[in-house]
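Survey of secondary and tertiary structure
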Amino acid sequence: MAFVDVGTTKRRSMSRGRVLRIWEAAGGRCITCGLPIDGTRDRWFIEHRIALELGGPDIDENCGPAHYGCKAEKDAADHAAAGHARRAKAQNLGIPKNGAKKLQSRGFDKAPPQRRASGYVRKGV
């Protein structure tokens, strides 16, 4: 799989007009399985072809109607790909894995013995 830079694409609002434009552009077909959707009988929603968590843009051309039954399979694949992309990005940035041995400094050198400012004081001399 090619390196995908996971982004944080902001989600736009899904107005009725936008849903209608997306529905008409897809011809009422599910973008996941390709079967026609009966808009009044089938449960459906607007799905992103390239998931937002994978850096897909939130534009009408990246959206299409999909059956609710097709959602689980696509979501699982999207989450797996996003997890892989996040791990690859962390590795490329040098972030250690969870449970990896943490970096430890070598510590400080032992201090040399100090000289005394004065000797012992003798009494009675």
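As a reminder, the structure under discussion sits directly above these lines.
Rules used throughout
- Residues numbered from 1 in each chain as written.
- Predicted model: local features only at pLDDT ≥ 70, side-chain atom pairs only at ≥ 80, totals over all residues.
- Heavy atoms only, no water.
- Helix = DSSP H or I, 4+ residues; strand = E, 2+ residues; numbered from the N terminus.
- Buried < 20%, exposed > 50% of the residue type's maximum accessible area, 1.4 Å probe, protein only.
- Contact = heavy atoms within 4.5 Å.
- Areas by Shrake-Rupley, 256 points an atom, 1.4 Å probe, with all protein chains shown as cover.
- Salt bridge = Lys/Arg side-chain N within 4 Å of Asp/Glu carboxyl O.
- Arc of directions from axis to C-beta.
- Phe/Tyr/Trp six-rings, centres within 6.5 Å; stacked < 30°, edge-to-face > 60°.
- Core = buried A, V, L, I, M, F, W, Y, C linked by side-chain atoms within 4.5 Å.

Bringing the overall build of the chain into the picture now. Within the chain one finds 2 helices and 2 strands. A buried classification covers 25% of the 125 residues belonging to the chain. Across the chain, contacts joining residues at least 24 apart in sequence account for 64% of those joining residues at least 6 apart. Summed over its atoms, the accessible surface of the chain is roughly 10,400 Å², and 54% of this surface lies on carbon and sulfur atoms.

So, on to the pattern of salt bridges. This model, assessed by the stated rule, comprises 7 salt bridges. Note that Arg 18 and Asp 58 form a salt bridge whose closest N and O atoms lie 3.0 Å from each other. Here Arg 18 is found in helix α1 (residues 16–26), whereas its partner Asp 58 is found in the loop between β1 (44–48) and β2 (63–67), with 40 residues between them in sequence. When its relative accessible area of 6% is taken as the criterion, Asp 58 is described as buried. In this structure, Asp 78 and Lys 74 form a salt bridge, with 2.7 Å as the shortest nitrogen-oxygen distance. Of this pair, Asp 78 and Lys 74 both sit in helix α2 (residues 71–93), 4 residues apart, which is roughly one turn of that helix. Each member of the pair, Asp 78 as well as Lys 74, is classed as buried. Several salt bridges converge on common partners, so that one network encompasses Arg 18, Arg 21, Asp 58 and Asp 60.

When we look at burial in α1, the residues that qualify are Arg 18, Val 19 and Ile 22. Taken around the axis of α1, the buried residues stretch over an arc of 100°, which confines them to a single face. Exposed side of α1, more than 90 degrees from the buried face: Arg 16 and Glu 24 are the residues found there. Elements in contact with the buried residues of α1: β1 and β2. At the C-terminal side of α1, Gly 27 shows a positive phi close to 70°.

Moving on: the packing of aromatic side chains. Geometrically, a pair of aromatic rings is defined through the distance of the ring centres and the angle of the planes. Tallying each qualifying case throughout the model produces 2 aromatic pairs. Judged by centre distance (4.8 Å) and plane angle (45°), the rings of Trp 23 and Trp 44 are tilted. You can see Trp 23 sitting in helix α1 and its partner Trp 44 sitting in strand β1, a full 21 residues away along the chain. Between the aromatic rings of Phe 45 and Tyr 68, the centroid separation amounts to 4.9 Å while the plane-to-plane angle is 45°, which identifies the pairing as tilted. With Phe 45 in strand β1 and Tyr 68 in the loop between β2 and α2, the pair connects residues that are 23 residues apart, well separated along the chain.

Our next topic: the nonpolar core. If you look at the biggest cluster of nonpolar residues, it comprises 5 residues: Cys 30, Ile 37, Phe 45, Ala 66 and Cys 70. When sequence neighbours within four positions are dropped, the list of residues in contact with Ala 66 reads Cys 30, Ile 31, Thr 32, Ile 37, Arg 43, Trp 44, Phe 45 and Glu 47.

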